[in-house]
Each structure stands twice: as structure tokens, then as C-alpha cells.
Amino acid sequence: MIRHTVVFRLKHAKGSAGETAFFKASEVLVPLPTVKNFERLKQVSAKNDYAYGFSMEFDDQAAYDAYSHHPVHSEYVRDIWIPNVAAFLEIDYAKM
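**Student:** Quick rundown of the sheet that holds strand β2 (residues 36–42)? Include the residues and the values.
**Tutor:** Read from one edge of the open sheet, four strands run β2-β3-β1-β4, paired in antiparallel fashion. Each of the sheet's edge strands pairs with one partner strand only, and the pair in question is β2 and β4 (85–94). Mean inter-strand twist for the sheet, computed between neighbouring axes without regard to direction, equals 15 degrees. In this structure, strand β1 (residues 2–10) lies alongside β4, joined through nine bridges in antiparallel fashion. Pairing of I2 across the sheet is with A94, part of β4. Together, β1, β2, β3 (52–58) and β4 form the strand contacts of helix α1 (residues 17–25), whose direction differs from that of β1 by roughly 165 degrees.

Written out as C-alpha cells, the structure reads:
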């Protein structure tokens, strides 16, 4: 199992229409065939300046690769993620 996580900061203010539209647009990732347990998260710690996070799981590397190369994911990154995200950190975990 692979847990794909990304923490990020948006270019939009909290509570803004831009923030709302960004999170609404992220819903296109949920029904992708290999995505499991998709979560949209907000940061509650003052220990870093990332405000939000996404987390999802994949059965294995092949499932993760299928997601990464899926046309819907590619369009999302190009049309939604890049124009709206100010900074991010991606971390992918596998159980030891």
C-alpha cells in the first residue's frame, strides 16, 4: 500500500471564492479507478506554514503510476493545481 500525501498553500485567501473553487475542482480525483480513501485536510498546527493537505491510498506502485499518468490527473495538475497552489511538499509512504 502507498499513501500519497501533499501539503500545500494556496494563492487564495482562506474563505475566498478561489479557495472554494479549488477544493470543488479537486473532486475530479475521487472517482479515478485506483484512488482509495481520498481526503482533503486542513492544517491545525502552527508548526509549519502549509494550510491544507490531500491524502489518498493506492494498492501498489502500479496503481499509483496509473493515477499519476491518468489524463484527468494530468489535466487537474495543469489546469487547477499549478495556477492555484503557491507552495507544496509531496510525501509518499509505504508500510515498512
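There is more to say after this.
**Student:** Provide a residue-level description of unusual backbone geometry, including the pertinent values.
**Tutor:** Even without glycine at this site, N37 takes up a positive phi of about 55 degrees. Relative to the helices and strands, N37 is located in strand β2.

**Student:** Give me the packing of helix α2 (residues 61–69) against helix α3 (residues 71–84): which residues, what numbers.
**Tutor:** Here α2 crosses α3 at 55 degrees, and the two axes come no closer than 5 Å. Overall, the two elements α2 and α3 adopt an arrangement that is oblique. Touching Y67, S68 and H69 of α2 are P71, H73 and S74, all from α3. A class-by-class count of the residues in the contact of α2 with α3 yields two nonpolar, four polar and no charged.

**Student:** Provide a residue-level description of the pattern of salt bridges, including the pertinent values.
**Tutor:** Per the counting criterion, the structure on display carries six salt bridges. Across the pair R9 and D49 runs a salt bridge whose closest N-O atoms are separated by 3.0 Å. One end of the pair, R9, is in strand β1; the other, D49, is in the loop between β2 and β3, with 40 residues separating them in the sequence. Ionic pairing is found between K36 and D59, a salt bridge with its closest N-O pair at 2.6 Å. Residue K36 is found in strand β2, and its partner D59 is found in the loop between β3 and α2; the two are separated by 23 residues along the sequence. Take D59: its relative accessible area is 47%, and that puts it in the partly exposed class. When salt bridges with common partners are traced through the structure, they connect K24, E27 and R40 into a single cluster.

So, how was this worked out
- Residues numbered from 1 in each chain as written.
- Predicted model: local features only at pLDDT ≥ 70, side-chain atom pairs only at ≥ 80, totals over all residues.
- Heavy atoms only, no water.
- Pairing = 2+ DSSP bridges.
- Helix = DSSP H or I, 4+ residues; strand = E, 2+ residues; numbered from the N terminus.
- Axes fitted to C-alpha atoms, helices over the stretch in contact; angles between N-to-C directions.
- Contact = heavy atoms within 4.5 Å.
- Parallel < 35°, antiparallel > 145°, perpendicular 65-115°, else oblique.
- Nonpolar A, V, L, I, M, F, W, Y, C, P; charged D, E, K, R; others polar.
- Salt bridge = Lys/Arg side-chain N within 4 Å of Asp/Glu carboxyl O.
- Buried < 20%, exposed > 50% of the residue type's maximum accessible area, 1.4 Å probe, protein only.

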